[in-house]
Amino acid sequence: MKFTNRNLFIANSQQRIKNVLIGIGLALAIAVVPQVFAESINTVSQEVLQNIKGVGASKAKKIISERQRGGNFQSASDLRQRVKGVGEKTLSKMDQAGITFTEGNQVSVTKEAEPGTANSEKKVRSRSRKTE
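None of these values were measured; they are calculated from a predicted model. (Residues numbered from 1 in each chain as written. Predicted model: local features only at pLDDT ≥ 70, side-chain atom pairs only at ≥ 80, totals over all residues. Heavy atoms only, no water.)

> How would you explain the overall build of the protein if you had to name every residue and give the values?
The helix and strand inventory of the protein stands at six helices and two strands. In sequence order, the secondary structure elements of the protein are arranged as α-β-α-α-α-α-β-α. Partitioning the contacts of the protein with sequence separation of at least 6, the portion at a separation of at least 24 is 46%. Of the roughly 10100 Å² of accessible surface on the protein, a fraction of 56% belongs to carbon and sulfur atoms. (Helix = DSSP H or I, 4+ residues; strand = E, 2+ residues; numbered from the N terminus. Contact = heavy atoms within 4.5 Å. Areas by Shrake-Rupley, 256 points an atom, 1.4 Å probe, with all protein chains shown as cover.)

> Explain the side chain of glutamate 66 to me, using residue names and the numbers behind them.
For glutamate 66, the position within the fold is in helix H3 (residues 56–70). Exposure remark for glutamate 66: the relative accessible area of 10% places this residue in the buried category. Once residues within four sequence positions are removed from consideration, glutamate 66 is found in contact with Gly71, Phe73, Arg82 and Val83. (Buried < 20%, exposed > 50% of the residue type's maximum accessible area, 1.4 Å probe, protein only.)

> Can you break down a nonpolar patch on the surface residue by residue, with the values?
Residues Ile17, Val20, Leu21, Ile24 and Leu28 make up a contiguous nonpolar surface patch of about 490 Å² in total accessible area. The residue valine 20 is located in helix H1 (residues 5–36) in this model. (Patch = residues over 30% accessible without salt bridge, like charges linked within 9 Å, V, L, I, M, F, W, Y side chains within 5 Å. Salt bridge = Lys/Arg side-chain N within 4 Å of Asp/Glu carboxyl O.)

Here it is, written out as structure tokens:
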């Protein structure tokens, strides 16, 4: 293959395209990592918590102790109220590290509530038919 200006231009263009695509891929990977490795505040270990910048060993121990004493945290505000020293900055760092406050079983609770509502509506309808 003869190296001409055209061939060099094409080779440089292909290299630039590869670099742009690699950059986009890395940016997407970095953006998605916290969601992929998200862990609930109610199951996360003390070691994971203390490695989050702004939490440290002392605050991580307080969080774990309060979780064991008072049960699962229901929300970020619940954590703030129950653990002294946890503020907006700490919650922001925990969020960036992938710590969540959602539980997997919340979906099933919602699903169970819907059939109960449907049954009560059926009872009301059947009562109104009996009275007519």
